[in-house]
Amino acid sequence: MIILIIKRQFVNGGLKIMPDQVITILTAGDFLSTVSANLDMMAGIFSRYFSGADNLRIVSIILMLLAFILFLFLIIILYVKSIISFLKSDQAAQNGNSILFDESNTENPGTTESEQELERELEKELERELEQARAEKQTTELEEQQELDKQKKEKQENKISEKKKKEQKKYQSEERAKTSAIDLDWKKGKINELDANRVMLDIESLQYQQSRKGLPELLGLIIDMVSRGVDDLKIAQTIMFRNQGQNAEDEILQVIEAIKDFIAMCLNDKFEQVKANAETPLPQEDEALYHLAKGDSSLALVLIEALMDENINRGASMTLGAKRDMLFQEVSNYACTFGSLAGLSDVHLATGSFELAIELAPQNVNAWSRVADMYAKAESNNKAVRAYENVLELADAEIYPQQVANAEKMLSQFYYAQGNSLQAAKLYNNSKAYYDSIGINRRLDKKEVEIIEIIESRQNEDLEATIAKILQNSDLRQFSYA
């Protein structure tokens, strides 16, 4: 009934609108006033209708229920109104966003195309970077592979070169062993220098060259010249000329001195007592000299070793004192003679002999000089440097000029290899001044060469007579410490 009243009022007012529009236009106050007016009207109607009734309680209850129902209906209408308002506002917002989006697209039509073009450029740039990275990687891998191939090739070449060197050294060792009665060890020493000299001779093969001989081959020439009373320096000069630089100046001088020392020991009967006390027969002096002239020092070494052993045993039984020290000093000199002759064929045997000489007489300058030479031959460079430096500390240059010059020459080579050119040049100039002063490196003139060739041509024929002449020459007794 209430709905009909509302419709009637709207029709009477001449308005034709939808119910939701009515709900939207009317306010809560208007609605309540209308309802109140209608309730008053209905109350009058009900009052007239029920005026004759006795029970007004029932009428009041009915009226309360109707009022409650109207109240619920009002709440429902308000709830529906709020829902409709919310839906309308949400739809309006969506329509506004779509309009704004359309307007933005209309105002900036090229924005999307620009972004797409930029993306395409970025993709192309990325592809170019990837291609460049791949190319660099391939180049790096190729270089690494080439480096590995190069290293493998170098290793193979080094192996082949080392194998050839070993075969060459073995061949040289076998060839040299054929010329000596004792086992020679030429695995270390002057092989590199010999090879260098050999190459030099091949280059100069079209020129006249004096034939070159090793030091063991020249022992006979030394003995022959000693028998003729030739001066030591002239002998050394001759041997240097025939040796063509295979051996150092000091080594040649030491070998000449060792041969004259051995001859002096023979002349002073140093071996007579030893041979008498020996359990096994020892070689005779002339026999030892004969083999020494042929390049074989083994028999001479046997005699010197027996002499050394006997004197060491005798010194061991003596009490400490000057006499014992003098005896050991003499044995130390014998050991130096032994080492110089042994060094012609066995560097290790010679090294042990010189070390024994130092043990018996620690101040023996010549022993220090010779053991340093052996260390250098054996390529024990650190030990050689220390030994040469010890020579310079112990030696008086006026008493031992030969040993000092040798130490300075060898140390100059070690210092030069280490990059100390200034110190190397100073030491080398000192040693060169000494060798120049004695004239050991002076070349022989034509007449001197002819004389040497004559001596060598008759050397083997006159060898026995030469040895006999030496063993009868009493002047040679005074040469040695013997």
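It should be emphasised that the depicted structure is a prediction, and the values quoted were computed from it without experimental measurement.

**Re the overall build of the protein chain**
- If you tally the helices and strands in the protein chain, you get 20 helices and zero strands.
- By the burial criterion, 35% of the 482 residues in the protein chain qualify as buried.
- Here the protein chain displays about 30,600 Å² of accessible surface, and carbon together with sulfur accounts for 55% of that area.

**Description of helix H7 (residues 219–227)**
- Of all the nine residues making up H7, nine are buried; the element is thus mostly covered by neighbouring parts of the structure.
- For H7, the complete set of buried residues consists of Leu219, Gly220, Leu221, Ile222, Ile223, Asp224, Met225, Val226 and Ser227.
- The inward-facing, buried residues of H7 contact helix H8 (232–243), helix H9 (249–267), helix H11 (285–293), helix H19 (446–457) and helix H20 (463–471).
- Positive phi shows up at glycine 229, right after H7, with a value of about 75°.

**Some words on the packing of H9 against helix H15 (residues 365–377)**
- Contact geometry for H9 and H15: axes closest at 12 Å, N-to-C directions at 125°. Compared by their axis directions, H9 and H15 come out oblique. The interaxial crossing formed by H9 with H15 has left-handed handedness. Judged by residue contacts, Asp250, Glu251 and Gln254 of H9 engage Asn366, Ser369, Arg370, Asp373 and Lys377 from H15.

**Overview of the nonpolar core**
- Membership of the largest hydrophobic core comes to 89 residues, with the highest contact counts inside it found for Ile222, Ile259, Phe262, Ile304 and Tyr388.
- Per element, the largest residue contribution to this core is 11 residues, and it comes from H9.
- Setting aside residues no more than four positions away along its own chain, isoleucine 259 makes contact with Leu219, Ile222, Ile223, Leu292 and Leu341.

**Quick word on the packing of helix H17 (residues 401–417) against helix H18 (residues 421–438)**
- Axis separation between H17 and H18 bottoms out at 8 Å; the angle between their running directions is 150°. One finds that H17 runs roughly antiparallel with respect to H18. You can see that H17 and H18 cross each other, and the crossing is left-handed. On H18, the residues touching Pro401, Gln402, Ala405, Asn406, Glu408, Lys409, Leu411, Ser412, Tyr415 and Tyr416 of H17 are Ser421, Gln423, Ala424, Leu427, Tyr428, Asn430, Ser431, Tyr434 and Tyr435.
- Of the residues contributing to the contact of H17 with H18, the split by class is 10 nonpolar, seven polar and two charged.

**Let's talk about a nonpolar patch on the surface**
- There is a patch of nonpolar side chains on the surface, built from Ile58, Ile62, Leu63, Leu66, Phe68, Ile69, Phe71, Leu72 and Ile75 and spanning about 810 Å² of accessible area.
- Within the fold, isoleucine 62 resides in helix H4 (residues 56–107).
- Taking the relative accessible area as the measure of exposure, isoleucine 62 reaches 42% and is therefore partly exposed.

**Focus on the side chain of serine 332**
- Among the secondary structure elements, serine 332 is positioned in helix H13 (residues 322–342).
- Given the relative accessible area of 0%, serine 332 is considered buried.
- One polar contact links the side chain of serine 332 to the main-chain carbonyl oxygen of alanine 357, over a distance of 2.7 Å.
- Ignoring anything within four residues of it in the chain, the contact list for serine 332 reads Ala357, Leu360, Ala361 and Asn364.

**Some details on the environment of lysine 377**
- Among the secondary structure elements, lysine 377 is positioned in helix H15.
- It is 7.4 Å that separates the C-alpha atoms of lysine 377 and valine 347, two residues lying 30 residues apart in sequence.

**Digging into the confidence of the model for the protein chain**
- Averaged over all residues, the pLDDT of the protein chain equals 79, while 76% of them reach at least 70.
- The model gives residues 103–108 a pLDDT under 50, and that stretch makes zero contacts with residues more than four places away or in other chains.
- Taken together, the stretch residues 176–209 has pLDDT below 50 and engages in 41 contacts with residues farther than four places along the chain or on a different chain.

Criteria and thresholds
Residues numbered from 1 in each chain as written. Predicted model: local features only at pLDDT ≥ 70, side-chain atom pairs only at ≥ 80, totals over all residues. Heavy atoms only, no water. Helix = DSSP H or I, 4+ residues; strand = E, 2+ residues; numbered from the N terminus. Buried < 20%, exposed > 50% of the residue type's maximum accessible area, 1.4 Å probe, protein only. Areas by Shrake-Rupley, 256 points an atom, 1.4 Å probe, with all protein chains shown as cover. Contact = heavy atoms within 4.5 Å. Axes fitted to C-alpha atoms, helices over the stretch in contact; angles between N-to-C directions. Parallel < 35°, antiparallel > 145°, perpendicular 65-115°, else oblique. Left-handed = near helix turned anticlockwise from the far one by under 90°. Core = buried A, V, L, I, M, F, W, Y, C linked by side-chain atoms within 4.5 Å. Nonpolar A, V, L, I, M, F, W, Y, C, P; charged D, E, K, R; others polar. Patch = residues over 30% accessible without salt bridge, like charges linked within 9 Å, V, L, I, M, F, W, Y side chains within 5 Å. Salt bridge = Lys/Arg side-chain N within 4 Å of Asp/Glu carboxyl O. Polar contact = N/O pair within 3.5 Å; in protein donor to acceptor, adjacent residues only side chain to side chain. pLDDT = per-residue confidence, 0-100.

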